[in-house]
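# Notes for the structure review
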Amino acid sequence: MGVTTVRLQADVEQHLEAIAGRLHRSKGWVINQALSEYIEKQQLEQERWKQTLEAMESAAQGKVVDSSEVHRWLNSWGTENEQDAPRSGR
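Residues numbered from 1 in each chain as written. Predicted model: local features only at pLDDT ≥ 70, side-chain atom pairs only at ≥ 80, totals over all residues. Heavy atoms only, no water.

### Considering the confidence of the model for the protein chain
Residues with a pLDDT of 70 or more make up 99% of the protein chain, whose mean pLDDT is 95. No element of the protein chain has a lower mean pLDDT than helix α3 (residues 67-76), which averages 96, and none a higher one than helix α1 (residues 10-23), which averages 98. (pLDDT = per-residue confidence, 0-100. Helix = DSSP H or I, 4+ residues; strand = E, 2+ residues; numbered from the N terminus.)

This is the structure in structure tokens:
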């Protein structure tokens, strides 16, 4: 495990100490948990952004589905004749 030094604002340090005390954990443990959650969130946001750019490129290439087909598909959900998701014509 690596070691990193961080300068904290006084109010952040106070909150960190309070949380660590309440959880009966070290400040290092709380910081590690917080950073792990932050990194995971950033990775998810990066993946969503990548998917958004890919979807925009796909739409720019005309790979789209007519809204009436989407509505028909959605209206079929939960029925005996549930349809497969519509696909673009390309």
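### What about the layout of surface pockets?
One water molecule sets the probe size; rolling that probe over the atoms shows where empty space is left. By volume, the largest pocket amounts to about 340 Å³. Together, 13 residues line the largest pocket, and Thr4, Gly28, Ile31, Asn32 and Leu35 are the ones closest to its centre. Each pocket or cavity is described by its volume, and for the second largest pocket that value is around 180 Å³. Looking at the second largest pocket, the residues that line it are Val6, Leu8, Val12, His15, Leu16, Ile19, Val30, Ile31, Ala34 and Leu35. Residues belonging to the lining of the second largest pocket are distributed by class as follows: 9 nonpolar, 1 polar and no charged. (1 Å grid on protein atoms, 1.4 Å probe; cavity = no way out; pocket = protein on both sides within 12 Å on 5 of 7 lines; lining within 4 Å. Points joined across faces, edges and corners; volume = space filled by probe spheres on them. Nonpolar A, V, L, I, M, F, W, Y, C, P; charged D, E, K, R; others polar.)

### A look at the packing of aromatic side chains
Aromatic ring pairs: the centre-centre distance and the angle between the two ring planes describe each pair. What the rule picks out here adds up to 1 aromatic pair. Between tryptophan 73 and tryptophan 77 the ring centres are 5.1 Å apart and the planes differ by 85°, which places this aromatic pair in the edge-to-face class. Given the relative accessible area of 48%, tryptophan 77 is considered partly exposed. A cation over a ring is seen here: arginine 25 above tryptophan 29, with NZ or CZ 4.2 Å from the ring centre. (Phe/Tyr/Trp six-rings, centres within 6.5 Å; stacked < 30°, edge-to-face > 60°. Buried < 20%, exposed > 50% of the residue type's maximum accessible area, 1.4 Å probe, protein only. Lys NZ or Arg CZ within 6 Å of the ring centre and 35° of its normal.)

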